[in-house]
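# A structural walkthrough
Residues per chain are reported as follows:
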Amino acid sequence: MSTTSLIWIIVVVAALLAVALVTGVVLARRRRISLTEPEQDKPAKGYQAGGAITFNAPAPPVAEPTRPAEPVERTGASPAPAPAPTTAPTPAPAKPVEPVEHPVAERTEVDGQPGVGDDAAVPRDSVKRGFVEVDLPEEASEIEEIEPTAGRLERLRGRLSRSRSTFGQSLLGLLGAGDLDEDSWTDIEDTLLMADLGAAVTDQIVTALREQIVARGVRTADDVRALLRDVLVDALHPEMARAVNALPHTNGSGNLKPAVVLVVGVNGVGKTTTTGKLARVLVADGRTVLLGAADTFRAAAADQLETWGSRVGATTVRGAEGADPASVAFEAVKRGVEAGVDTVLIDTAGRLHTKTGLMDELGKVKRVVEKQAAVDEVLLVLDATTGQNGLTQARVFAEVVDVTGIVLTKLDGTAKGGIVFQVQRELGVPVKLVGLGEGADHLAPFEPTAFVDALLT
Ligand SMILES: Nc1nc2c(ncn2[C@@H]2O[C@H](COP(=O)(O)OP(=O)(O)OP(=O)(O)O)[C@@H](O)[C@H]2O)c(=O)[nH]1
């Protein structure tokens, strides 16, 4: 091989090495960039995280109250005496406050990983304050007239009009249109899904309609209406007991105790409003009620409850903003037992960011209350306008407390009345009450037949 050829080979090899080196550097840079780019450009998703309201005494019912009942002072009821204090009296001698440990030991998510709904902050670690004396309003307001509770759902029927037009009327139109081909059944399914009935209930209803439309030999529009009515009522489980356990009852030792009702749910769903409306219904039925403002996260919530109380002449026990909700609940039940009221309604806070926090808080409220009297009813308040989100909340609450009844609020503000069907199926707990407006008497018992009739007429 000549020297010239050798030189050429060396030049070519050197050139190839240089090209490989440059390519390697470029690729390495690109790789580095491509690793960091998605991090910077990641979109900020955030977390996807007919009848009256009936009440029931859960324990063996007692015909006549026999307790030496200290009359309940009703704020604003009598002109002469000063109204009952709306704050707890002197606090019980408090134990020295231990620094609060992060409740890791009590966590259910023991793998140390944050779970859905977890938050960096643990609200319970914040310093808790005790009761404070709060000045009473100079003059309590007049006790209001309360609308009779019988036939409320009937009277409030118009308030379901949005659900009615989109849901009931569409179904009637589709079923009554004549020959039902597969496209028609798909439309029926879509209508049910759009109204928030969920896949399982939709399937159940469509199957029942398909079977019975043949079996019954449905011919006329009236037949269609009757069939649809029966199938929908059936899907709402009319056999479920829907009376609210809010009447006094005897405990193990034969003493009459007030019924204790806990009202739970996330903030903004209408807990305080529902508690106030329920107090009105009880008072209208001749019952004495004491309200416990255990939503201590927001002073305005306690003010709001106190206003509801004063409007019907019910005493409200409240704590300082940030006080331990369990201590307020305890004090409320204690006062209720001492005063011999029929019902203690406790409005709780839903502003807990973590499932663990929620579990701790509500569990503690329940445990502490039960030192005085059994908790007879845990009403979970859900906002009907939140659809699937409401169901997610329902699942979390059902894991945390033993929910015994559901109150579905804001049914007046949604075209998706079908959430009633789904939430009952999910929790296996009856919808007992429905909120149909912001008005003081816009709370009705949930009656499957009247509800379906309201949807279909
Ligand atoms: N349209 C309509 N509005 C309702 C109904 N129930 C409650 N609301 C309104 O919902 C809003 C929130 O109600 P609140 O009772 O303050 O809710 P909350 O769950 O106690 O909220 P926090 O105190 O923040 O935890 C208020 O404006 C109520 O008037 C209802 O059935 N229909």
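Residues numbered from 1 in each chain as written. Predicted model: local features only at pLDDT ≥ 70, side-chain atom pairs only at ≥ 80, totals over all residues. Heavy atoms only, no water.

## Quick word on the overall build of the protein
As a reminder of what qualifies: The helix and strand labels rest on DSSP assignments: H or I over at least four residues marks a helix, E over at least two residues marks a strand, and numbering proceeds from the N terminus. For every residue, the accessible area obtained with a 1.4 Å probe (protein chains only) is divided by the maximum for its type, and the residue is called buried under 20%, exposed over 50%, and partly exposed between those limits. Exposure was quantified through the Shrake-Rupley algorithm and a 1.4 Å probe, taking into account, for residues, occlusion by the shown protein chains and nothing else.
Each helix and strand counted, the protein has 13 helices and 10 strands in total. Looking at the protein as a whole, 47% of its 457 residues qualify as buried. With the model as given, the accessible surface of the protein reaches about 22,700 Å², and the carbon-plus-sulfur share is 55%.

## A closer look at the site of the ligand
Our working rule: Residues are counted as near a molecule or strand when any one of their heavy atoms sits within 4 Å of it. Counted as a polar contact is a pair of N or O atoms within 3.5 Å, where, for protein atoms, one must be capable of donating a hydrogen and the other of accepting one, and residues adjacent in sequence contribute only when both atoms are in side chains.
Around the ligand lies a shell of 21 residues, among which Thr272, Thr273, Arg298, Asp412 and Glu438 are the nearest. Within the backbone of Gly268, one N or O atom sits 2.8 Å away from an oxygen atom of the ligand. Between the ligand and Glu438 there is a distance of 2.7 Å, counted from an oxygen atom to a side-chain nitrogen or oxygen. Against a free-state accessible area of 650 Å², the protein chains account for coverage of 82% of the ligand. Every element with two or more residues in the shell around the ligand is listed here: helix 7 (271-284) and helix 8 (299-312).

## Re the pattern of salt bridges
Which entries qualify depends on this criterion: For this document, the term salt bridge refers to a Lys or Arg side-chain nitrogen within 4 Å of an Asp or Glu carboxyl oxygen.
As enumerated under the stated definition, the model contains 13 salt bridges in all. The partner of Arg287 in a salt bridge is Asp342, and the shortest N-O contact between them spans 4.0 Å. You can see Arg287 sitting in the loop between helix 7 and strand 4 (289-294) and its partner Asp342 sitting in the loop between helix 9 (325-339) and strand 6 (343-348), a full 55 residues away along the chain. Residue class for Asp342 comes out buried when judged on its relative accessible area of 8%.

## Observations concerning the sheet that holds strand 10 (residues 443-445)
Using the following cut-off: At least two bridges found by DSSP between two strands are what make those strands a pair. The axes used here are C-alpha line fits, helices contributing only the stretch in contact, and every angle between their N-to-C directions lies in the interval 0 to 180 degrees.
If you trace the eight strands from one edge of the open sheet to the other, you get 5-4-6-3-7-8-9-10, paired in mixed fashion. Strands with a single pairing partner mark the edges of an open sheet, and in this sheet they are strand 5 (315-318) and strand 10. The average angle at which neighbouring strand axes cross in this sheet is 25 degrees, direction not considered. The pairing of strand 4 with strand 5 spans four bridges and is classified as parallel. What sits directly across from Ala293, in strand 5, is Arg318.

## With respect to the environment of Ala259
Put simply, the rule reads: It only takes one pair of heavy atoms within 4.5 Å for two residues to be counted as in contact.
Along the chain, Ala259 turns up in strand 3 (residues 259-264). For the pair Ala259 and Gly340, spaced 81 residues apart in sequence, the C-alpha to C-alpha distance is 10 Å. Not counting residues up to four positions away in its chain, the partners in contact with Ala259 are Asn245, Ala246, Leu247, Pro248, His249, Asp342, Thr343, Val344 and Asp376.

## Examining the side chain of Gln372
Relative to the helices and strands, Gln372 resides in the loop between helix 10 (355-369) and strand 7 (375-383). The class for Gln372 is buried, based on a relative accessible area of 16%. Sequence-distant contacts of Gln372, defined by excluding residues within four places in its chain, comprise Lys257, Phe330, Val333, Lys334 and Val337.

## As for the pairing of strand 4
Every other side chain in a regular strand lies on the same face of the sheet, so the side chains alternate between the two faces. Most of strand 4 is tucked away: six of the six residues are buried. A two-sided burial pattern is seen for strand 4, the buried positions comprising Val289, Leu291 and Ala293 on one face and Leu290, Gly292 and Ala294 on the other. Where strand 4 meets strand 6, six bridges bridge the pair, whose relative direction is parallel. For Ala294, the partnering residue across the bridge sits in strand 6 and is Thr348.

## Structural notes on a nonpolar patch on the surface
Operational definition: Put simply, a patch holds well-exposed residues, over 30% relative accessible area, that have no salt bridge, with like charges counted together within 9 Å and Val, Leu, Ile, Met, Phe, Trp or Tyr side chains within 5 Å.
Together, Ile7, Trp8, Val11, Val12 and Leu16 make up a nonpolar patch on the protein surface, roughly 530 Å² of accessible area in all. Position of Leu16 relative to the elements: it lies in helix 1 (residues 3-41). Taking relative accessible area as the criterion, Leu16 reaches 56% and is therefore assigned exposed.

## Topic: helix 8
To be explicit about the condition: One less than the residue count of a helix, multiplied by 1.5 Å, gives the span that helix is expected to have.
Counted at 1.5 Å a residue, the expected span for helix 8 with its 14 residues is 20 Å, and the 21 Å between its end C-alpha atoms agrees. Turning to helix 8, its buried residues are Ala301, Ala302, Leu305, Glu306, Trp308, Gly309, Ser310 and Val312. Against the buried residues of helix 8 lie helix 7, strand 4, strand 5 and strand 6. Positive phi appears at Gly313, one or two residues downstream of helix 8, with a value of about 80 degrees.

## Thoughts on the domain arrangement of the protein
Note the following rule: For the purposes of this description, domain bounds are those given by an automatic or database domain assignment.
For the protein, the domain assignment lists domain 1 (152-236) and domain 2 (246-403). Of note, the centres of domain 1 and domain 2, computed from C-alpha atoms alone, are 37 Å apart.

## Topic: the confidence of the model for the protein
Convention followed: Every residue gets a pLDDT, meaning the predictor's confidence in that residue, from 0 to 100.
The share of residues in the protein with pLDDT of 70 or more is 72%, and the mean pLDDT across the chain is 76. Every residue in residues 28-49 is under pLDDT 50, and counting partners more than four places away or in other chains gives two contacts. Note that residues 61-116 has pLDDT below 50 and, in this model, 83 contacts with residues that lie over four places away or in other chains. At the level of chain-chain contacts, confidence expressed as ipTM amounts to 0.95, with global pTM at 0.71.

## Comments concerning unusual backbone geometry
The residue Asp196 is not glycine, and still its phi comes out positive at about 75 degrees. Mapped onto the elements, Asp196 comes out in the loop between helix 4 (182-194) and helix 5 (198-215). Not every positive phi belongs to a glycine, and Lys410 is a case in point at roughly 60 degrees. Assignment of secondary structure puts Lys410 in the loop between strand 8 (405-409) and helix 12 (419-427).

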